[in-house]
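# Structural overview for review
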Amino acid sequence: MFIKPSNRIRESEITPESVYRERRRFMQLTLGAGALAAASGAGAKPGFVADAGAAVGPDWLKQKIAGAEPYGEKVTDKLTPYEHVTSYNNFYEFGYDKSDPAKHSGTLQPHPWKVEIAGHAEKTGAFNLEDLLAKVTLRERVYRLRCVEAWSMVIPWVGFELGELLKQFKPTSRAKYVAFTTLLDSKQMPEQASRFSTIDWPYREGLRIDEAMNPLTLLAVGLYGKPLPNQNGAPLRLVVPWKYGFKSIKSIVKIEFTEKQPGTSWNVRAPNEYGFYANVNPEVDHPRWSQASERRLPSGLFSPNIIDTQMFNGYADEVAHLYKGMDLRKHY
């Protein structure tokens, strides 16, 4: 499923699609050269982010991403430049400033990687990432990303529908929710060992099963035609475009089918500020940030690029039915 015409991004924000397509073609042509450099010792150490623009990964993943199905409709959002997407991040396992993840996430080793599937399903176990990806179809998806801090981006992800993966494990009738867990390893994620941290590690998130199965819900392995950089959640992160960004958990190591609503990190830490649902809603403010508008990056002092926030981040046609009859002020 792709974004319906009513939810496309404004024509005034258009960026030439040919710019991204040419960049993607260039990346495909340079895969072979990158593999040769790695074989000769000239390539970057796996998992090391040399700068905000660096993205490394094994050849099999680069080739899988290069073969992803292209986005099926003309994109009319102006894409957030790669250097902004990869240098302005919240990933508190590596620090609390927006630039910290790009600076400090070189300690993360995202390959090889295993994901545990657990809970109420007929098939469970630990699986290599490459085995999971072998059974799904990678697609390009251009989505808005809206942070609860009132800034936003437009990102061309490469990933696959979460529901496509979950169905393979045959969840039972007791599976009402899907819980996600980030890697717990203070050697790779140093801030997990900080005595000043207020988060109960590892980071956790969750969705209702129908939210998880919605075709918009994505597990991403790349962006801009490249493997995910460490600071963006390598090698596997959730992308739920109608929810605030903190729902899109990074560096996932466990996916569990649960009967009860799982505890999620920010909701447990501050339930008066962060609801379990976290749907983008311009009418429900965070105690510290109005949600009526947002700052679309890139943005500066003299060109702040402030735009109105859309209900469900502009994806109401696809997801509003999931919340029919719910009080979205109570279930925020």
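Note: the structure precedes this text.
Overview of the structure. As the structure is a prediction and not an experimental result, all values here were calculated from the model. (Residues numbered from 1 in each chain as written. Predicted model: local features only at pLDDT ≥ 70, side-chain atom pairs only at ≥ 80, totals over all residues. Heavy atoms only, no water.)

## A word on the nonpolar core
Keep this limit in mind: Here, the term nonpolar core denotes a set of buried Ala, Val, Leu, Ile, Met, Phe, Trp, Tyr and Cys residues that are joined through side-chain atoms within 4.5 Å. Burial classification: accessible surface area is computed with a 1.4 Å probe over protein chains only, and a residue below 20% of its type maximum counts as buried, one above 50% as exposed, and the rest as partly exposed. In this text, helices come from DSSP runs of H or I with a minimum length of four residues, and strands from runs of E with a minimum of two, each type numbered from the N-terminal end. The contact criterion used throughout is that any non-hydrogen atoms of two residues lie within 4.5 Å.
Within the largest apolar cluster, 84 residues are counted, with the highest numbers of intra-cluster contacts made by Trp-157, Phe-160, Phe-180, Leu-219, Leu-238, Trp-242 and Ile-255. For this core, the element with the highest residue contribution is strand S4 (residues 151–161), accounting for seven residues. For Trp-157, the contacting residues outside a window of four places in its chain are Arg-139, Glu-140, Arg-141, Tyr-143, Leu-218, Ala-220, Gly-222, Leu-223, Leu-228, Arg-237 and Val-239.

## Comments concerning helix H2 (residues 59–66)
Convention followed: Of all possible arcs, the one meant is that of the directions from the helix axis to the C-beta atoms.
Burial in H2 covers these residues: Leu-61, Ile-65 and Ala-66. With its buried residues spanning 135° around the axis, H2 presents them on a single face.

## A short note on unusual backbone geometry
Residue Pro-235 is bonded to the preceding Ala-234 through a cis peptide linkage, with omega at -5°. On the secondary structure map, Pro-235 appears in the loop between strand S8 (226–227) and strand S9 (237–239). The peptide bond linking Leu-297 to Pro-298 adopts the cis configuration, its omega dihedral lying at 0°. Counting through the fold element by element, Pro-298 comes out in the loop between strand S11 (293–296) and strand S12 (306–308).

## Let's talk about the packing of aromatic side chains
In this description, an aromatic ring pair is defined by two values, namely the gap between the centres and the angle between the planes. Counted only if it meets this: Here a Phe, Tyr or Trp ring, Trp counted by its six-membered ring, pairs with any other such ring whose centre lies within 6.5 Å, and the pair is stacked when the planes are under 30 degrees apart, edge-to-face when over 60, and tilted otherwise. Remark: a charge is flagged as sitting over a ring if the NZ atom of Lys or the CZ atom of Arg is within 6 Å of the ring centre and within 35 degrees of the ring normal.
Scanning all chains against the criterion turns up 13 aromatic pairs. A centroid spacing of 5.0 Å and a plane angle of 85° characterise the contact between Tyr-88 and Trp-151, whose relative ring orientation is edge-to-face. Of this pair, Tyr-88 sits in the loop between helix H3 (82–85) and helix H4 (100–104) while Trp-151 sits in strand S4, placing them 63 residues apart in sequence. Between Phe-246 and Tyr-274, the ring centres sit 5.3 Å apart and the planes meet at 85°, which makes this aromatic pair edge-to-face. Linking Phe-246 in the loop between S9 and strand S10 (252–258) with Tyr-274 in the loop between helix H8 (265–269) and S11, this pair joins segments that are 28 residues apart in sequence. Site record: aromatic cluster; members linked through ring pairs are Tyr-92, Tyr-96, Phe-246, Trp-266 and Tyr-274. Over the ring of Tyr-82 we find Lys-226, and its NZ or CZ is 4.3 Å from the ring centre.

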